[in-house]
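# Remarks on the overall topology
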Amino acid sequence: MWYAVQTITGNEEEAAKEIRKTVDADIYEECFLLKREAVWRIQGSCRVHVERLFPGYVFISTQHPKELYQQLKRVSSYTKILGKEEEEFYPVSPEEEEFLKELLNGDKEHTVRLSPVETDVQGNITACGMPLKKYLDQVVKKRIRLRYVVIRVHLFGRSREILMGIRLKGD
C-alpha cells in the first residue's frame with residue numbers, strides 16, 4: 001500500500017533521500033515522488049520539463065506501516081504523515097492509489113507523461129491518448145496553446161485540480 005508523507009515544499013527530494021537513508025530497506029518497497037511532464041513555450045518552441053505533481057509530498061510503498069511509522073519518527077525532514085491519528089496513520093485509499101497508478105500509466109520513474117491529443121479548429125479535444133484518455137470527461141480547464149489541461153478529481157479527502165501536460169502532432 002502507498003502512504004503519503006507531507007514535508008516542506010521544495011525539500012521533497014531531500015526528505016526522500018533522508019527516508020531512504022534512515023528507514024530500514026526491508027520495511028518499505030519504494031520511496032518516491034510523483035512527477036509530471038509539463039511544457040514550457042520558449043520563443044515559439046515547446047520544451048518539456050519535469051516538475052512535482054504533488055509539491056510537499058513523498059510517497060512510500062510498504063506492507064509494514066507500524067514499523068514504518070516508528071522509523072519515520074527518526075526522520076527530521078518530514079512534518080506529518082497524512083491521516084495520522086495518535087500512533088496510527090492511514091494509507092492512500094485503494095481507489096486513490098489506482099487512480100495515481102493509472103495516471104502514471106506504468107512509468108518506472110513515477111512520472112505522468114504528456115498525453116497525445118488531437119484538436120479541431122475551435123480547440124476542442126477530439127481524440128487523446130493515455131493517461132488523459134480516461135479522464136477527458138473531468139477536464140475543467142484547457143490551454144491547448146500552452147499544452148496543458150486541468151482535471152478535477154476527489155483525492156486525499158478533498159476535490160483537487162490536477163494539471164496534465166499534453167502534446168499535439170508535430171510537437
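For the structure, see preceding data.
Before going into details, it helps to say that this report is about the structure given with it.

Conventions adopted
- Residues numbered from 1 in each chain as written.
- Predicted model: local features only at pLDDT ≥ 70, side-chain atom pairs only at ≥ 80, totals over all residues.
- Heavy atoms only, no water.
- Pairing = 2+ DSSP bridges.
- Helix = DSSP H or I, 4+ residues; strand = E, 2+ residues; numbered from the N terminus.
- Buried < 20%, exposed > 50% of the residue type's maximum accessible area, 1.4 Å probe, protein only.
- Salt bridge = Lys/Arg side-chain N within 4 Å of Asp/Glu carboxyl O.
- Phe/Tyr/Trp six-rings, centres within 6.5 Å; stacked < 30°, edge-to-face > 60°.

With mixed pairing, three strands are arranged side by side in an open sheet as β4-β3-β7. Each end of this open sheet is capped by a strand with a single partner; those strands are β4 (45-52) and β7 (111-112). As defined by bridge partners, strand β3 (residues 35-42) adjoins β4 across eight bridges and the pair is classed as antiparallel. Paired with W40 across the two strands is R47, which belongs to β4.

Here the residue pair M130 and P131 is connected by a cis peptide bond, since its omega of 5 degrees sits within 30 degrees of zero. Tracing the sequence through the fold places P131 in the loop between β9 (125-128) and β10 (139-143). Of note in this structure, N105 is not a glycine but carries a positive phi near 55 degrees. Here N105 is to be found in the loop between α3 (94-104) and β7. On the basis of relative accessible area, N105 is assigned to the partly exposed category, the value being 47%. Non-glycine residue F156 carries a positive phi angle of around 55 degrees. Secondary-structure assignment places F156 in the loop between β11 (148-155) and β12 (158-168).

Applying the stated criterion across every chain yields a total of 10 salt bridges. Of the charged contacts in the structure, one is a salt bridge between K134 and E102, with a shortest N-O distance of 2.8 Å. Of this pair, K134 sits in the loop between β9 and β10 while E102 sits in helix α3, placing them 32 residues apart in sequence. We classify K134 as partly exposed; its relative accessible area is 46%. Linked by salt bridges that have partners in common, E37, D107, E109 and R113 make up one network.

Applying the stated criterion across every chain, the model contains eight aromatic pairs. With 6.0 Å between their ring centres and 20 degrees between their planes, F32 and F59 make a pair best called stacked. Note that F32 is positioned in strand β2 (residues 30-32) and F59 in strand β5 (residues 57-61), a separation of 27 residues in sequence. Residue F32 is classed as buried on the basis of its relative accessible area, which comes to 4%. Between F99 and Y135, the ring centres sit 5.0 Å apart and the planes meet at 85 degrees, which makes this aromatic pair edge-to-face. Taken together, the positions of F99 in helix α3 and Y135 in the loop between β9 and β10 put the pair 36 residues apart, joining distant regions of the chain. We classify Y135 as buried; its relative accessible area is 8%. Among the aromatic residues, those joined into a cluster by ring pairs are W2, F32, F54, Y57, F59 and F156.

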